[in-house]
Amino acid sequence: MNNKTAEKNNLDSKISFCDNVIKQFHKAAELMSIDSDIRRILATTKNEVVVHFPVRMDDGTIRIFNGYRVQHNDVLGPFKGGLRYHPQTSTDEVRALAMLMTWKTALVNLPFGGAKGGIECNPLELSITELERITRRFTFALGNIIGPEYDIPAPDVNTNAQIMVWILDTYLATIPPQDRNRNVHVVTGKTIASGGICGRDKATGQGIVFTIENWCKDKKFDLSQATYIIQGFGNVGSWAARLLKPHGPKLIAVEDASCAIFNPAGIDPDDLLRYSKSNQNFIAKYPGAEEIDHKTFMGTKADIFIPAALENQITKETAQLLKVKLVIEGANGPTTPEGDQILQEKNVGLLPGILCNAGGVIVSYFEWLQNKRSEIWDLEQVDHSLRRIIDHAYIRTRETALEYKTDWRTAAYIVALKRLEEVYRERGIFP
Ligand code: GLU
């Protein structure tokens, strides 16, 4: 590890995302009285890889990049989880996200474990050709750490279908020609032409909308009259908003890395997306709304808040500001344990990320199956199967929250941990 990485990881340890995720895990583990040996195993990641690799930049200089892949657990199936490209990507962050993937896949009952990875970089400063070379060198550096039956990456923050196809192409180039066509499921979230599945792009947003529909039905809440706000207008936030549009709720405030905007008369998600695409994917200076500051955004009075950006956004400080009835976690880990506590005291409902944002990995699973079986799924099949899985996980979480008289995050963890505990009990610990 170089000095900069070590320094950054030290800094991160002061406000550790991973510590927060482990705290939430222990709360559920305590309540369900999980076996103490299994608890120790699940509180630990299995493998953590840091690679430093050189890439030639467009100006001819060589830069060294830091890449990460943390594999948390694979007792239910191959490691599975996205890759993010972000200046703040670190071992601590990726470790927390890998654990969340284990809980997520277990909750929705997929035959996958949990992993996460990424590259510490700022994609805004990179040209498309640099992005390609960085992706390919990273894939080469990972070597057999990934594999179609071992660890399957997918898109996450700042990565997309094109990047997945570069990973696919590079990985296949490293194995014998006769093996290539049966290894296309080494990565999911690919473009449709290169083996991807239809509906994967919108899948996380679609899962969020199915979850909101379930909640509204339960609470007899009229979604068509609701107002909502979104943090993050990337793949997850923009798809959630666009798919909510036919249901009628009004989007009144949006925040991304560039600014926050507000319009009480409503912001049209399709129009905002068109604008942001022409503005380097930022919403800044959108003509259809006024600019507001972060605190005002967090304090916007609305029915629903969808955090769909990065972790640690609803904290001890910002949870006080929220004036919403329900938080739907589109992001991974947007709420800290202190934030959770305050939301509960304020009686704000919260549907946890491992349930709401599972649509992405669920459709990744369909893509993986599609590639393994040389099938072509259609959108109806994808959406129908996705809804069944989301509905089932929603019901299990609701029942468990009632049974244990606990919040939905802890309940979702309990559902996931019970599956993992059962397998460990049956298989035992080698030798
Ligand atoms: N990055 C997404 C997540 O956090 C999707 C992971 C996947 O499809 O493997 O769930």
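The text that follows walks through the structure, step by step, so that each part is easy to find.

**A short note on the sheet that holds strand E9 (residues 290-292)**
So, point 1. Taken in spatial order, the seven strands line up as E9-E8-E7-E6-E10-E11-E12 in an open sheet, and their pairing is mixed. Edge positions in the sheet fall to E9 and strand E12 (349-351), since each of these pairs with one other strand and no more. If you compare each strand with its neighbour and ignore which way they point, the axes differ by 25° on average.
So, point 2. The pairing of strand E10 (residues 304-307) with strand E11 (residues 326-328) spans two bridges and is parallel.

**Section: the pattern of salt bridges**
So, point 1. The final tally for this structure, using the stated rule, is 29 salt bridges.
So, point 2. Linking glutamate 93 and arginine 84 is a salt bridge whose minimum nitrogen-to-oxygen distance equals 3.0 Å. Here the two residues glutamate 93 and arginine 84 agree in accessibility, since each one is buried.
So, point 3. Aspartate 156 is the partner of arginine 84 in a salt bridge, and the nearest nitrogen-oxygen pair spans 2.7 Å. Taken together, the residues arginine 84 in strand E3 (residues 79-86) and aspartate 156 in the loop between strand E5 (151-155) and helix H6 (161-173) connect sequence positions 72 residues apart. You'll find arginine 84 and aspartate 156 in the same group, each marked buried.
So, point 4. Here the salt bridges do not stand alone but share partners, grouping Arg84, Glu93, Lys116, Asp156 and Glu311 into one network.

**Quick notes on the side chain of serine 385**
So, point 1. Tracing the sequence through the fold places serine 385 in helix H15 (residues 379-404).
So, point 2. At 2.7 Å, the side chain of serine 385 and the backbone oxygen of glutamine 381 are in polar contact.

**Details of the packing of aromatic side chains**
So, point 1. Tallying each qualifying case throughout the model produces 14 aromatic pairs.
So, point 2. Between phenylalanine 297 and phenylalanine 305 the ring centres are 6.0 Å apart and the planes differ by 75°, which places this aromatic pair in the edge-to-face class. Like phenylalanine 305, phenylalanine 297 is buried.
So, point 3. Feature note: the residues Phe112, Tyr365, Phe366, Trp368 and Trp377 constitute an aromatic cluster, connected by ring pairs.

**Considerations on the packing of helix H7 (residues 203-219) against helix H14 (residues 359-372)**
So, point 1. For the pair H7 and H14, the least separation of the axes is 7 Å and the interaxial angle reads 120°. Compared by their axis directions, H7 and H14 come out oblique. The chirality of how H7 crosses H14 is right-handed. Contacts between H7 and H14 involve Ala203, Thr204 and Gly207 from the former and Gly359, Gly360 and Val363 from the latter.
So, point 2. Here the residues of the contact of H7 with H14 are counted per class, giving two nonpolar, four polar and no charged.

Rules and cut-offs
Residues numbered from 1 in each chain as written. Predicted model: local features only at pLDDT ≥ 70, side-chain atom pairs only at ≥ 80, totals over all residues. Heavy atoms only, no water. Pairing = 2+ DSSP bridges. Helix = DSSP H or I, 4+ residues; strand = E, 2+ residues; numbered from the N terminus. Axes fitted to C-alpha atoms, helices over the stretch in contact; angles between N-to-C directions. Salt bridge = Lys/Arg side-chain N within 4 Å of Asp/Glu carboxyl O. Buried < 20%, exposed > 50% of the residue type's maximum accessible area, 1.4 Å probe, protein only. Polar contact = N/O pair within 3.5 Å; in protein donor to acceptor, adjacent residues only side chain to side chain. Phe/Tyr/Trp six-rings, centres within 6.5 Å; stacked < 30°, edge-to-face > 60°. Parallel < 35°, antiparallel > 145°, perpendicular 65-115°, else oblique. Left-handed = near helix turned anticlockwise from the far one by under 90°. Contact = heavy atoms within 4.5 Å. Nonpolar A, V, L, I, M, F, W, Y, C, P; charged D, E, K, R; others polar.

Purely spatial values, then, with no claim about function.
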